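Understanding the architecture of this molecule
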Amino acid sequence: MQKNKQCKSSKIREFARGQSCTLRMPWCNGMDDTTVLCHIRRKGFNGVGQKPLDFFGFHGCSDCHRREAEAEDGDILRAMMETQTRLYNAGLLFAK
């Protein structure tokens, strides 16, 4: 696995606060005040020092964050796409 340059964005992380959860699994608590940027932990990005880049994440409530590993890949992909759309619309994610 190639080591990535760090992509830590306080603006992206802070933007998650107060957002609705994009994972919305049956265990979702729906409490927007617990929402954080959840880094997606999948094969290749689940060891020490292998935290994914900040744009590989989703807005998740405390319960969805805690149980992210139980979610199906399709649900994670949908949540990430919804989150990236929010970030793009807010001007926090863009392409040159």
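What comes next concerns the included structure. Numbering of residues begins from 1 in every chain and follows the order in which that chain's sequence is written. Where local features are concerned, this predicted model is filtered to residues with pLDDT of at least 70; where side-chain atom pairs are given and counted, the filter is 80 or more; whole-chain, interface and lining totals use all residues. For side-chain calculations, the full set of non-hydrogen atoms in the structure is used, while hydrogens and water are omitted.

Once that is clear, we can look at helix 3 (residues 73-89). Helix and strand labels come from DSSP, where a helix needs a run of H or I of at least four residues and a strand needs a run of E of at least two; each type is numbered from the N terminus. Between the first and last residue of a helix there are one fewer steps than residues, each counted as 1.5 Å, and that sum is the expected span. Taking 1.5 Å per residue, 17 residues should reach 24 Å; helix 3 reaches 24 Å between its end C-alpha atoms and fits that length. Under the scheme applied here, a residue whose accessible area is under 20% of the maximum for its type counts as buried, over 50% as exposed, and between as partly exposed, the area being computed with a 1.4 Å probe on protein chains only. Taken together, the buried positions of helix 3 are occupied by I76, A79, M80, T83 and L87. Summarising the axial view, the buried residues of helix 3 lie within an arc of 100°, below the 170-degree limit, and thus occupy one face. Opposite the buried face of helix 3, by more than 90 degrees, sit the exposed residues G74, Y88 and N89. Looking one or two residues beyond helix 3, the residue adopting positive phi is G91, at roughly 80°. This arc corresponds to the set of directions leading from the helix axis out to the C-beta atoms.

Nonpolar cores were defined as sets of buried Ala, Val, Leu, Ile, Met, Phe, Trp, Tyr and Cys residues, with membership established by side-chain atoms within 4.5 Å. Core analysis: the biggest nonpolar cluster contains 13 residues, and L23, M25, F58, C64 and I76 have the highest contact counts within it. Looking at which element gives the most residues to this core, the answer is helix 3, with three residues. Contact between two residues is taken to exist if any of their heavy atoms lie within 4.5 Å; hydrogens are not considered. The residues touching M25, leaving out its near neighbours within four places in the chain, are C64, A71 and D75.

The next thing to look at is the side chain of H59. Mapped onto the elements of the fold, H59 is located in strand 2 (residues 57-60). The residues contacting H59, other than those within four sequence positions of it, are F15, A16, Q19, S20, C21, T22, L23, T35, V36, L37, T83 and R86.

With that settled, consider unusual backbone geometry. Even without being glycine, R24 reaches a positive phi, approximately 50°. Among the structural elements, R24 can be located in the loop between helix 1 (10-15) and strand 1 (36-39). You can call R24 partly exposed: its relative accessible area is 45%.

All right, on to the environment of M25 then. Residue position: M25 is located in the loop between helix 1 and strand 1. A relative accessible area of 13% means that M25 is categorised as buried. The spatial distance from the C-alpha of M25 to the C-alpha of D63 is 9.1 Å, given a sequence separation of 38 residues.

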